Amino acid sequence: MSHKTKTIVGTAALIAAAISASSYAQTTFVPAINDVPTTQQAAPEVEIYQPLRPQAGTTLPPAPEMEVTPLPLGTVPDSLPAPAVTTPGPYSAARSAPTNLYQAPISSLPSIADLVDRVSPSVVNIIVTTDTGETTSEGQGSGFIISPQKEVVTNYHVIDGGTNIEIEFNNGEKYPASIIGTDEETDLALLRLESHKSFPHVKFHSGPKTRIGDWVVAIGNPFGIGQSTSLGVISAIGRSRVDSGSYVDYIQTDATINRGNSGGPLFNLDGDVVGVNSAIYSPTGASVGIAFVIPHGTAEDIIESIRSEGKVRRGYLGAGLRTATFEMENRPGIYKSGATINNVVAGSPAEQYGLQVDDIILNINGEAVRNSVEATRAIGALRPGDVARMIYERDEKTYQINLSIGERPDKHSIETASAVAQGLPPPEPKRVGPKVNIDTGLQVLDLSPEFRSAIGMRSDQVGIYVESVTPGSGAEQGGFSTGMVILDADGTPMAEVGSLRSVVLNARIANQDGLIMNVRLKDGRETFMVLPL
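(A) Molecular detail of the overall build of the protein chain. A count of helices and strands for the protein chain gives 11 helices and 28 strands. Sequence-distant contacts, at least 24 apart, represent 58% of the contacts inside the protein chain between residues at least 6 apart. Surface summary for the protein chain: the accessible area is close to 28900 Å², and the carbon and sulfur share equals 52%.

In structure tokens form, the structure reads like this:
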């Protein structure tokens, strides 16, 4: 580079620095993440040259003979202020401290380590076994202590089918537990830890309503590997699931929740419980960022009922309901406000007070009902023996009736009575005893035709893809690994994930020790392997 070129570059750098310095002077800076404080930061690596100034009445010599004197590295002329080294923060930072996440730099996000240290001792592992020592279909779940009386909240499905329950702490200590009460309709259970020791407990949230976007922390025991923590946000509020019944409006979160997290707590950043982790939506059996959580308000109501009466008593009408529709010629049914009676159970309050199929319930105790879920919840919220004032429509005329509400039977009795009222065969009786464990340690995915083609499978082949293998499981010990494709198990083609579930279930019922599987390896070779059961 010529002297002239260096001079131009040096002068331009100084002008830019002067302009930048004037704009920096009025700003309060918030360093970005990984910034080094000014007092510790090295000077900028920029060469700056100062040309000689001519005396009055003289002219500059020709450019090739121009002399330039380099200044010491990291200095600037006295006539120009030194540029600031730190990166300017957002304009809002100069006015006031950030009040929300979007106003704050990444470096200002707090650690949740203190929160986890404070609440994690109250989060426990639930181990459920049969009298023979076998685990149930869930085998392990999570829970949390909510009172000095050593009450532990978990999911109903975690303990269902077991005869022995143990509470395990993160330090390895184990204590027996007894069941205070359960509620299958909301999938909640309340246990009591049997020990003379005292244990730390957490409390339910009692402040402002939970909002979409709030940060939450899930702590539990996914896949039985030990206590784990994940951070996420509230993704949605008021979600419903197909098999959830009509009594829960779920919170949805993207915090990582997997099998084994069931029954564990979802905390806000104050360390208060905002919900009970209950289920995930996943085609693989592992987290895909969609988890469903029972809201703390619902959980508290259920727990209080179990405390006081050992169970949850709900009002009962004895009528199957569906959301009201009306038909127009050559057009599908259009939803309208109300709940249509689909069937009437013999001997129920609905039959005793003369309600009929196709009556449309419009209002219960002064509150309009827009659909069958709202009607079911309004009836369920009443106590047995309460009088309900109903407005209903029949043959396009409106009527009012006062009727005494009954007590809702258990879920299986409800399903049986509803089936009989519709002329359908009753459901099979609920099996007494432990459920069969169908956990294999394999997390598998269905294969699309495009994926089968991409990995070179034959067009006539079907299979399911091994997405992951639980560490320490029998599947891992048997040599299974991510990327394999299971083509068949015990001679049954694996056309979908559900096929493996059925084969494993039948093998467990038959007390088989393992399954012989035809497996496609990642290099395309096929071999037979044994999956221990």
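Additional details are given in the paragraphs that follow.
(B) A look at helix H11 (residues 497-509). Compared with an ideal rise of 1.5 Å per residue, which puts 13 residues at 18 Å, H11 spans 19 Å between its outermost C-alpha atoms and is within 8% of the ideal. Along H11, the residues that are buried comprise Ser 499, Leu 500, Val 503, Val 504, Ala 507 and Arg 508. The buried residues of H11 occupy an angular sector of 160° when projected down its axis, which confines them to one face. For H11, exposure combined with an orientation more than 90 degrees from the buried face picks out Arg 501 and Ile 509. On its buried face, H11 sits against strand E23 (442-446), strand E24 (464-469), strand E25 (485-489), strand E26 (492-493) and strand E27 (514-520).

(C) Seen up close, the side chain of Asn 518. By the element assignment, Asn 518 lies in strand E27. Of the residues examined, Asn 518 reaches a relative accessible area of 12% and is grouped as buried.

(D) Structural view of the environment of Phe 267. Among the structural elements, Phe 267 can be located in strand E12 (residues 265-267). C-alpha separation for the pair Phe 267 and Val 119, spaced 148 residues apart in sequence, amounts to 8.9 Å. Those residues in contact with Phe 267, other than ones at most four positions away along the chain, are Val 119, Val 123, Val 202, Trp 215, Val 216, Val 217, Ile 219, Asp 272, Val 273 and Val 274.

(E) Inspection of the side chain of His 296 at higher detail. Positionally, His 296 belongs in helix H5 (residues 296-309). On the basis of relative accessible area, His 296 is assigned to the buried category, the value being 17%. Within polar-contact distance, the side chain of His 296 engages the backbone oxygen of His 205 at 3.3 Å. His 296 has contacts with Phe 204, His 205, Val 273, Val 274 and Gly 275, leaving out every residue within four places of it along the chain.

(F) Structural detail: the confidence of the model for the protein chain. Mean pLDDT for the protein chain: 76, with 71% of residues reaching 70 or above. Counting interchain partners and residues more than four positions distant, the pLDDT-below-50 stretch residues 83-98 has 21 contacts. Here residues 431-437 scores under 50 on pLDDT; set against residues more than four positions off or in separate chains, the count is 16 contacts.

What counts as what
As a convention, each chain's residues are numbered from 1 in the sequence order in which they are written. Restriction of local features to residues with pLDDT of at least 70 applies here, the model being predicted, together with a cutoff of 80 or more for giving and counting side-chain atom pairs; totals for whole chains, interfaces and linings are based on all residues. Side-chain calculation: all heavy atoms of the structure are included, whereas hydrogens and water are not. Strands here are runs of E lasting at least two residues and helices are runs of H or I lasting at least four, both read from the DSSP assignment and numbered beginning at the N terminus. By definition in these notes, contact holds between two residues if any of their heavy atoms fall within 4.5 Å. Only the protein chains shown count as covering a residue, and every accessible area follows the Shrake-Rupley method with a 1.4 Å probe. Helices are assigned an expected span. That span is 1.5 Å times one less than the residue count. Throughout this description, buried means an accessible area under 20% of the type-specific maximum (1.4 Å probe, protein chains only), exposed means over 50%, and partly exposed covers the range between. Working definition: the arc comes from the directions between the helix axis and the C-beta atoms, pointing outward to the latter. Think of a polar contact as two N or O atoms within 3.5 Å of one another; within protein, one of them needs to be a possible hydrogen donor and the other a possible acceptor, and neighboring residues in sequence only count if both atoms come from side chains. A residue's pLDDT is the confidence the predictor assigns to it, expressed on a 0 to 100 scale.

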